[in-house]
Amino acid sequence: MIYRLMIGGDEFFLHAMLVLSTAVYGISFCQDWDNRNIRNVYIRTGGILYAFSKVFSCAISAVAALFVGKLIFVLTQLPAAPMFLNPVGFDGLDSPPNSMDMLAYNGHYVLWTFFNLLRFALEGAGFAVFALAVSTVLTNVFLVLIMPLIGYFVYDLLSDYLFFPWWLDLPTIYESVYCDRGVAITMLLPLFLSVLSCLIFGWLFYQGVQRRLEHG
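Residues numbered from 1 in each chain as written. Predicted model: local features only at pLDDT ≥ 70, side-chain atom pairs only at ≥ 80, totals over all residues. Heavy atoms only, no water.

Where helix 4 (residues 38–45) contacts helix 5 (residues 47–77), the two axes come as close as 6 Å, and the packing angle between them is 110°. As far as their axial angle goes, helix 5 and helix 4 are roughly perpendicular. Each of I38, V41, Y42 and T45 in helix 4 lies in contact with helix 5, whose residues at this interface are G47, L49 and Y50. Residue composition of the contact of helix 4 with helix 5, by class: five nonpolar, two polar and no charged. (Axes fitted to C-alpha atoms, helices over the stretch in contact; angles between N-to-C directions. Helix = DSSP H or I, 4+ residues; strand = E, 2+ residues; numbered from the N terminus. Parallel < 35°, antiparallel > 145°, perpendicular 65-115°, else oblique. Contact = heavy atoms within 4.5 Å. Nonpolar A, V, L, I, M, F, W, Y, C, P; charged D, E, K, R; others polar.)

Here's what the structure looks like:
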């Protein structure tokens, strides 16, 4: 029931929502480039400020889109899942007392839902900024929109063969409904990984914009 409510780990919804979250602002450079006004904006604001504003807006909008989108889904599922308010139906009963799972079992349903929605939404930030960075090379909107899917599949393939540790496993960090770790580490780790990925891809975006403007 909880799985149904939070659609945790459901790849179809996840992939679709990654595309939607990228569509909010991840294609903004493509639009700037097509408008041919980017050089004027770039000169007025400067390269660093331009790149920062794009990356920041892209990351925040992606998180907001995923959070609101999944929140709406959760709210629509509540009438069909009355057991959500029954802690006996929760599968994480054997988790440590101070874990994320225990928030739901102890009756903090709203807080548990908020943290899980936010944890899921944070995943979209890195993928959206990744798509933004790619857009400096491929300015086709449709290609940019599918970049999060390609990036996710490549990462998933590498994790199968390279045996990434649990703190680099995306389904474990961002998508799993049940989590027996403490609330602090459960929220800080995805936040750290998202910020780190935004910094890396943001720097690549900055370099890509400069290279694109220099070579036309």
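Counted by the stated rule, this structure contains nine aromatic pairs. Look at F67 and F114: their rings are 5.7 Å apart centre to centre, the planes differ by 70°, and that puts the pair in the edge-to-face class. In this pair, F67 is assigned in helix 5 and F114 in helix 7 (residues 109–134), connecting sequence segments 47 residues apart. Given a relative accessible area of 17%, F67 falls into the buried group. Geometrically, the ring pair formed by F114 and F115 is tilted, given 5.8 Å between the ring centres and 55° between the ring planes. Taking the relative accessible area as the measure of exposure, F115 reaches 18% and is therefore buried. (Phe/Tyr/Trp six-rings, centres within 6.5 Å; stacked < 30°, edge-to-face > 60°. Buried < 20%, exposed > 50% of the residue type's maximum accessible area, 1.4 Å probe, protein only.)

Our next topic: the packing of helix 5 against helix 11 (residues 183–215). Axis separation between helix 5 and helix 11 bottoms out at 9 Å; the angle between their running directions is 135°. Here helix 11 runs oblique to helix 5, going by the angle between their axes. The crossing of helix 5 and helix 11 is right-handed. Contact residues: G47, I48, Y50, A51, K54, V55 and A59 in helix 5; C198, G202, F205, Y206 and V209 in helix 11. Partitioning the contact of helix 5 with helix 11 into residue classes produces nine nonpolar, two polar and one charged. (Left-handed = near helix turned anticlockwise from the far one by under 90°.)

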